[in-house]
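So the chains spell out like this:
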Amino acid sequence: MATDEKSQSDLEAELQSLLEQERFDPPEEFVRQALVSDDSLHRRADEDPNGFWLEQARELDWFTEPSESLDDSNPPFYRWFADGKINASHNCLDRHVEAGNGDRVAFHWRGEQGEEEDWTYADLLRDTQKLANGLKERGIGREDVVGIFLPMIPEVVIAMLACARIGAVHNVVFGGFSPESVSERMKVSEAKALVTVDGARRKGKTAEVKSTVDEERIGDLDHMETLVVVKRTGADCPMTEGRDVWYHELLEAADDECPAEELDAEHPLFILYTSGSTASPKGILHTTGGYLTGVAHTTRLVFDLKPEEDVYWCSADVGWVTGHSYIVYGPMACGATSVMWEGAPDYPDKDAWWAVCERYGVTILYTAPTAIRAAMKWGVEYPERRDLSSLRLLGTVGEPINPKAWAWYHTVIGGRRAPVVDTWWQTETGAIMISPLPALTPTKPGSATKPLPGIEAAVLDEDGSEIEEGQGYLVLKRPWPAMLRTLYGDDDRFVETYFEKFGRETYLVGDAARKDEDGYFWIVGRIDDVINVSGHRMSTAEIESAIVSYEHVAESAVIGQEDEDSGQAVTAFVTLEGGAEPDDELEGSIREHVAQRIGKLARPKRIIWADDLPKTRSGKIMRRLLRDIAEGREAGDVSTLREPGVMDDLAEQVRQRGDGGDE
Ligand code: WT7
């Protein structure tokens, strides 16, 4: 114990002294072997951005090579490589098999109980073709929407690529979301089929999935014709004759060959719902050629990926954009060998992740600050049990990384030989936008550094003037191939959300950022009513509407409260209808209700009972003041409140209840 404490305090001191150094040059050994170690790409992109992007697009395998790059005749509805013909499934599978790499492992899959399966490119191509044929037989074709609600099993990749193969549009819902969220997303996207699973496993337990999908009557939705069910756990699984079909039976009966459809570059590839300022999620639409260009190019550039040598692991879930772009499409278009992992970081023990790195000799690890903070809290003894010497590059994404977590990651996990790339991007951008190039850009912990070649980011003030040094609205000033094309079925909301504030040629990101004296970008946080819990976007409006739907609740305001573990945590201020009394039981029920309605990530960590909420004269809730209260600060300017007295009452209520309902 005593030596542990000593080594812990030695480590603390080491991290502190490391952080006194503000800038970190790329490690020399890394630079020597890197794919890109000079600024020629930047120069090429600066002199001719459209030419630069066309060159990147031509790295893919096209049925018809595009001759055009950007079509900006109708901003903000940009089109890229529009005269090219391509298929994403072909680029992720056939291309590698045809090149003689069919035996290369695409995924070392590791199940939650430690089961192991290696899936080669040829294996995936075989099953993808069969599933694609199975879907076709069920009447699914070009532009039909197919929902996917699956855990981290190889079938999720196969399902995505089977859709892409026949020109169907996948709509993946993260496995942690509630069936009610799945239903909502299927309804608004008018999905014709859903690929799901009998049950899912988490930390040794099994949860039924298909039966909850049935309880939600997803199969009865207007456009829904087919439920394809993967057998994973053997959970009880009622099947409706004619509508439901087992995945394995569909594959057994299907033809082996399904040629990839030759699709327009602008053919829709997928919809992915993400949280916005209002309660209804936004269906981000990505198309084929530009998206694939963006993700394949950045996978090589940012992760220095060498498909013959590297073992790459992105620890995200496929249900988020990180999984779409950097588990499936980017790495697979490059022919990478990846790890796919079903488990949790602390099961069976807190060294689970590091065991995976050791087992497969992972060279590139891409994860989120919240995971790094958790590992840091568990202590160095867990990574020290394992040999991590294969790691040569570390990435992070999802939220700003605090410098101490950066230093810990770099030191304890990367042994100081591995550069850290802090990658900033969004569901909307499709691919990484701001990030160091690992062999070129000196890093500053906490900053995503500078835009990649071909990307033009800026910080603007309220009037749209550029701020050279200082804080303001982060924008992207030039279209890029992997950008979203619209919000599915809602062009107006697309224009309004992203292209109204500063005009149709400037993409409003929704983040505030600071630019420093060296032109480095520091992401400050969201400017809208979106909060970031463990790197996941949650809409305050969506959570509020779930809370208000619970009995006895009159009104609710949700904020993101600063949190040591998850970056921000959901804190809900709740007012009850007259006569209802707040108690622990009601608090528990409200929290569970939100988990049921949206998903566990949205469950409030803390509920603060309020008699009234601070509102402006026009009735807008002032969340800034609620944050002050929740985080224990003196409240800021209250002069615009309709009833300034509300703030004193609230502060008093919080004081009386001590720390509130914190777990
Ligand atoms: C929002 C996008 C991109 C995949 C994961 C999230 C925040 C993302 C960083 C970073 C600071 C970051 C931003 C952004 N964010 N990466 N490296 N540093 N903030 O995708 O759910 O679409 O969320 O996540 O606020 O707008 P998303």
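Just so you know, these numbers come straight off a predicted model, no measurement behind them. (Residues numbered from 1 in each chain as written. Predicted model: local features only at pLDDT ≥ 70, side-chain atom pairs only at ≥ 80, totals over all residues. Heavy atoms only, no water.)

### Here we look at the overall build of the protein chain
Piece 1. Across its full length, the protein chain carries 22 helices and 30 strands.
Piece 2. In summary, the protein chain has a C-alpha radius of gyration of 25 Å against a globular reference of 26 Å for 663 residues, a match within 12%.
Piece 3. Principal-axis analysis of the C-alpha atoms gives the protein chain an extent of 70 × 60 × 60 Å.
Piece 4. For the protein chain, the residues scored as buried account for 61% of the 663 residues in total.
Piece 5. About 25900 Å² of surface is accessible on the protein chain, with carbon and sulfur atoms providing 43% of the total.
Piece 6. The protein chain carries 70 positive and 123 negative side-chain charges, and their two centres are separated by 1 Å. (Helix = DSSP H or I, 4+ residues; strand = E, 2+ residues; numbered from the N terminus. Rg over C-alpha atoms; globule rule 2.2 N^0.38 Å. Buried < 20%, exposed > 50% of the residue type's maximum accessible area, 1.4 Å probe, protein only. Areas by Shrake-Rupley, 256 points an atom, 1.4 Å probe, with all protein chains shown as cover. Lys, Arg positive; Asp, Glu negative; His and termini not counted. Charge placed at Lys NZ, Arg CZ, Asp CG, Glu CD.)

### Regarding the site of the ligand
Piece 1. For the ligand, the set of nearby residues contains 17 residues, the closest of which are Asp422, Thr423, Thr427, Arg526 and Arg537.
Piece 2. Taking aspartate 422, its side chain carries an N or O atom lying 2.7 Å from a nitrogen atom of the ligand.
Piece 3. In the complex, 95% of the free accessible area of the ligand, which totals 550 Å², lies under the protein chains.
Piece 4. Put simply, the parts of the chain that give the shell around the ligand at least two residues each are helix 13 (321-333), strand 20 (420-423) and strand 25 (521-526). (Near = heavy atom within 4 Å. Polar contact = N/O pair within 3.5 Å; in protein donor to acceptor, adjacent residues only side chain to side chain.)

### Regarding the state of the cysteines
Piece 1. Applying the stated criterion to the full structure yields zero disulfides.
Piece 2. In this structure cysteine 314 is a free cysteine whose sulfur lies 12 Å from that of cysteine 357, the closest cysteine sulfur available.
Piece 3. On the accessibility criterion, cysteine 314 (3% relative accessible area) is buried. (Disulfide = S-S within 2.5 Å.)

### Considerations on unusual backbone geometry
Piece 1. Between proline 75 and the following residue, proline 76, the backbone shows a cis peptide bond with an omega angle of 0°.
Piece 2. Relative to the elements of secondary structure, proline 76 occurs in the loop between strand 1 (70-71) and strand 2 (79-80).
Piece 3. Here the bond from tyrosine 347 into proline 348 is cis, since omega is 0°, no more than 30 degrees from zero.
Piece 4. Checked against the element boundaries, proline 348 lands in the loop between strand 17 (337-341) and helix 14 (352-360).
Piece 5. Even without a glycine there, the phi angle at threonine 449 is positive, about 65°.
Piece 6. The residue threonine 449 is located in the loop between strand 20 and strand 21 (457-460) in this model.

### Points about the packing of helix 8 (residues 154-166) against helix 13
Piece 1. Put simply, helix 8 and helix 13 touch, their axes get as near as 12 Å, and they point 60° apart. It follows that helix 8 is oblique to helix 13 by the angle criterion. The element helix 8 and its partner helix 13 pack so that their crossing is right-handed. Contacts between helix 8 and helix 13 involve Val157, Met160, Leu161 and Ala164 on the former and, on the latter, His324, Val328, Tyr329 and Met332.
Piece 2. Residue composition of the contact of helix 8 with helix 13, by class: seven nonpolar, one polar and no charged. (Axes fitted to C-alpha atoms, helices over the stretch in contact; angles between N-to-C directions. Parallel < 35°, antiparallel > 145°, perpendicular 65-115°, else oblique. Left-handed = near helix turned anticlockwise from the far one by under 90°. Contact = heavy atoms within 4.5 Å. Nonpolar A, V, L, I, M, F, W, Y, C, P; charged D, E, K, R; others polar.)

### A few points about the nonpolar core
Piece 1. The biggest cluster of nonpolar side chains holds 158 residues, and the ones touching the most others in it are Phe303, Tyr329 and Met332.
Piece 2. Ranked by residue count, the leading element in this core is helix 8, at 10 residues.
Piece 3. Excluding residues within four positions of it along the chain, methionine 332 makes contact with Asn91, Cys92, Leu93, His96, Ala106, Phe107, Tyr121, Leu124, Val157, Leu161 and Ile327.
Piece 4. Judged by nonpolar contacts, the second largest core, of 34 residues, contains Leu18, Leu365, Leu388 and Ile413. (Core = buried A, V, L, I, M, F, W, Y, C linked by side-chain atoms within 4.5 Å.)

### Focus on helix 18 (residues 491-498)
Piece 1. For helix 18, the complete set of buried residues consists of Arg493, Phe494, Val495 and Tyr498.
Piece 2. On its buried face, helix 18 sits against strand 15 (282-287), strand 23 (486-487) and strand 24 (507-515).

### Some details on the pattern of salt bridges
Piece 1. Overall, the coordinates contain 60 salt bridges when judged by the stated rule.
Piece 2. A salt bridge links glutamate 115 to arginine 232; the shortest N-O distance between them is 3.5 Å. You can see glutamate 115 sitting in the loop between strand 4 (105-110) and strand 5 (116-120) and its partner arginine 232 sitting in the loop between strand 11 (226-230) and strand 12 (244-246), a full 117 residues away along the chain.
Piece 3. One salt bridge in this structure joins glutamate 266 and arginine 485, with 2.9 Å as the shortest N-O distance. (Salt bridge = Lys/Arg side-chain N within 4 Å of Asp/Glu carboxyl O.)

### A short note on the sheet that holds strand 8 (residues 193-197)
Piece 1. A sheet is described by the order of its strands in space; here eight strands give the open sequence 12-11-8-6-7-14-15-23, paired in mixed fashion. A strand with exactly one partner marks an edge of an open sheet, and here the two such strands are strand 12 and strand 23.
Piece 2. Here five bridges tie strand 8 to strand 11, and the two strands are oriented parallel to one another. When the sheet's bridge partners are listed, valine 195 is paired in strand 11 with valine 228.
Piece 3. The sheet strands contacting helix 13 are strand 7 (169-172) and strand 14 (268-274), and the helix crosses strand 14 at an angle near 145°. (Pairing = 2+ DSSP bridges.)

### Overview of the packing of helix 15 (residues 369-378) against helix 17 (residues 403-413)
Helix packing geometry: the angle between the two helix axes and the distance between the axes.
Piece 1. Where helix 15 meets helix 17, the axes come as close as 10 Å, and the angle between the chain directions of the two elements is 70°. As judged from the angle between their axes, helix 15 and helix 17 are roughly perpendicular. Only Lys404, Ala405, Trp408 and Tyr409 of helix 17 make contact with helix 15, whose side of the interface consists of Ile372, Arg373, Ala375 and Met376.

### With respect to the environment of lysine 136
Piece 1. Considering the arrangement of structural elements, one finds lysine 136 in helix 7 (residues 121-137).
Piece 2. Lysine 136 sits in the partly exposed class, given a relative accessible area of 34%.
Piece 3. Counting along the chain gives 27 residues from lysine 136 to cysteine 163, while the straight-line C-alpha distance between them is 9.6 Å.
Piece 4. Look past the residues within four positions of lysine 136 in its chain and what remains in contact with it is Ile166 and Cys258.

### Considerations on the sheet that holds strand 22 (residues 470-476)
Piece 1. If you walk across this open sheet you meet the four strands as 21-22-24-25, and the pairing is antiparallel. Two strands in the sheet have a free side with no partner beyond their single neighbour: strand 21 and strand 25. Neighbour-to-neighbour, the strand axes of this sheet turn through a mean angle of 45°, independent of strand direction.
Piece 2. Relative to strand 24, strand 22 runs antiparallel, the two sharing six bridges. Bridged to tyrosine 473 within strand 24 is alanine 512.

### Observations regarding the pairing of strand 10 (residues 205-208)
Piece 1. By the bridge criterion, four bridges tie strand 9 (residues 199-202) to strand 10 in an arrangement that is antiparallel. Directly across from arginine 202, in strand 10, lies its bridge partner lysine 205.
Piece 2. Between strand 9 and strand 10, which pair antiparallel one after the other, the connecting turn spans two residues, and lysine 203 there sits at a positive phi close to 50°.

### Things to note about the packing of aromatic side chains
Piece 1. For the coordinates displayed, the defined rule picks out 25 aromatic pairs.
Piece 2. Among the aromatic residues, those joined into a ring-pair cluster are Phe77, Trp480, Phe494, Tyr498, Phe499 and Tyr507.
Piece 3. One Lys or Arg, arginine 185, reaches over the ring of phenylalanine 177 and ends 4.8 Å from the middle of that ring.
Piece 4. Directly above the aromatic system of tyrosine 520 lies the positively charged group of lysine 444, at a separation of 4.5 Å from the ring centroid. (Phe/Tyr/Trp six-rings, centres within 6.5 Å; stacked < 30°, edge-to-face > 60°. Lys NZ or Arg CZ within 6 Å of the ring centre and 35° of its normal.)

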